[in-house]
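Below, each chain spelled out in residue letters.
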Amino acid sequence: VCYEIGGDIFSLVELEHCVIRGKLSQPHSGRNLSVEPTKSSETFKRYALGNVDARINFILHNGLTSCHSEVPILKATIPLSRQMNDFSTAYVQNSIQVDGKRKTVTLPEVCKVYRDDFGDDSVGVLKYLLRFLEKGSWEAVSWLLAEQQQIKVRFHPAGEFLPSLNSREGGTEGA
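Heads up: these notes are all about the structure in this document. Remember, predicted model here, so these are calculated numbers, not experimental data.

Rules behind the numbers
Residues numbered from 1 in each chain as written. Predicted model: local features only at pLDDT ≥ 70, side-chain atom pairs only at ≥ 80, totals over all residues. Heavy atoms only, no water. Helix = DSSP H or I, 4+ residues; strand = E, 2+ residues; numbered from the N terminus. Buried < 20%, exposed > 50% of the residue type's maximum accessible area, 1.4 Å probe, protein only. Contact = heavy atoms within 4.5 Å. Phe/Tyr/Trp six-rings, centres within 6.5 Å; stacked < 30°, edge-to-face > 60°. Polar contact = N/O pair within 3.5 Å; in protein donor to acceptor, adjacent residues only side chain to side chain. Salt bridge = Lys/Arg side-chain N within 4 Å of Asp/Glu carboxyl O. Pairing = 2+ DSSP bridges. Axes fitted to C-alpha atoms, helices over the stretch in contact; angles between N-to-C directions. Patch = residues over 30% accessible without salt bridge, like charges linked within 9 Å, V, L, I, M, F, W, Y side chains within 5 Å. Areas by Shrake-Rupley, 256 points an atom, 1.4 Å probe, with all protein chains shown as cover. Core = buried A, V, L, I, M, F, W, Y, C linked by side-chain atoms within 4.5 Å. 1 Å grid on protein atoms, 1.4 Å probe; cavity = no way out; pocket = protein on both sides within 12 Å on 5 of 7 lines; lining within 4 Å. Points joined across faces, edges and corners; volume = space filled by probe spheres on them. Nonpolar A, V, L, I, M, F, W, Y, C, P; charged D, E, K, R; others polar.

For the chain, the count of helices and strands is 7 helices and 7 strands. Element order for the chain, N to C, with α for helix and β for strand: β-β-α-α-α-β-α-β-β-α-α-α-β-β. When the 175 residues of the chain are sorted by exposure, 45% land in the buried category. In the chain, 70% of the contacts between residues at least 6 apart in sequence involve partners at least 24 apart.

What follows concerns the packing of aromatic side chains. Throughout the structure, instances matching the rule amount to 6 aromatic pairs. Their ring planes at 45° and their centres at 5.3 Å tell us that Phe118 and Tyr128 sit as a pair that is tilted. Pair noted here: Phe118 is in the loop between helix 5 (110–113) and helix 6 (122–129) and Tyr128 is in helix 6, with a separation of 10 residues, a long-range link. Tyr128 shares its class with Phe118; the two are buried. Members of the aromatic cluster, each reached through a chain of ring pairs, are Phe58, Tyr91, Phe118, Tyr128 and Phe132.

Residues Gly124, Val125, Leu126, Tyr128 and Leu129 constitute the buried set of helix 6. Of the surrounding secondary structure, the elements contacted by the buried residues of helix 6 are helix 3 (56–59), helix 4 (80–95), strand 5 (104–107), helix 5, helix 7 (135–147) and strand 6 (152–155). Two to three positions downstream of the cap, the backbone nitrogen of Val123 sits 3.2 Å from a side-chain oxygen, assigning the N-cap of helix 6 to Asp121.

The next subject is the pattern of salt bridges. Pairing of side chains with opposite charge becomes possible as their charged atoms draw close. In total, this model carries 4 salt bridges according to the counting rule given. For Asp53, the salt bridge goes to Arg55, with nearest N and O atoms at 2.5 Å. The exposure class of Arg55 is buried, given its relative accessible area of 10%.

Glancing now at the side chain of Ser137. As for its position among the elements, Ser137 is in helix 7. Within the structure, the side chain of Ser137 is placed 3.2 Å from the side chain of Gln93, a separation counted as a polar contact.

Now for the sheet that holds strand 4 (residues 97–99). Here we have 3 strands laid out as an open sheet, ordered 4-5-6, and mixed in their pairing. The open sheet has two edge strands, strand 4 and strand 6, and neither has a second partner. Averaged over neighbouring strand pairs, the angle between their axes works out to 20° when direction is ignored. Summarising the sheet, strand 4 and strand 5 pair through 3 bridges and their orientation is antiparallel. The residue bridging Gln97 from the neighbouring strand is Thr106, located in strand 5.

A surface patch of nonpolar side chains, amounting to about 330 Å² of accessible area, comprises Val1, Tyr3 and Leu12. Mapped onto the fold, Leu12 is located in helix 1 (residues 12–20). For Leu12, a relative accessible area of 48% translates into the label partly exposed.

Judged by nonpolar contacts, the single largest core of 24 residues is most densely connected at Phe58, Leu107, Cys111, Phe118, Leu126 and Leu129. Of all elements in the fold, only helix 4, strand 5, helix 5, helix 6 and helix 7 reach the threshold of two or more residues within this core. By residue number, the principal contributor to this core is helix 6, which donates 4 residues. The contacts of Leu129, once residues within four sequence positions are left out, are Phe58, Val92, Leu107 and Cys111.

Take the layout of surface pockets next. When its volume is computed, the second largest pocket comes out at roughly 200 Å³. Ile20, Leu49, Asn51, Val52, Asp53, Ile56, Ile59, Leu74, Leu80 and Met84 are the residues that line the second largest pocket. Of all the secondary-structure elements, those providing two or more residues to the lining of the second largest pocket are helix 3 and helix 4. The residue inventory of the lining of the second largest pocket, partitioned by class, reads 8 nonpolar, 1 polar and 1 charged.

Scope: geometric values only; no functional claims are made or implied.
Pasting the structure below:
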């Protein structure tokens, strides 16, 4: 499936990586998950979003990383920032696991693939994710960060799907 925008043809992968993700980082993976714009053409760069936001990683559903069980639906009647916060909070809260005794935090695969969007290292990623955690998880992660000991960060396996986000309170369904 391809889409025509302003006379230019885009595949879904090109829309995701060259337009929506705009100037965010390239994926880190053993597989080539992205499509690079043709070096001799400025076409894709012309459409790339200039104001990018790492929260988009929790909304895009590419099927290659830990994803929700369905595609989030955004509504024009609800402010985009609120929807991005709601989906990001639901996604992170449903996918993070903290084991204080083992000093281990398990994160969604998307945090590994697009880690440069969230922080310089594992600690930076954890600090970024704090804003999306409910109190108990926030305290557990904050405590591990405050101890300044080696935190083990692991990632959910690729292809592991998370619960639905569209039905959560504050999400786009029924809001």
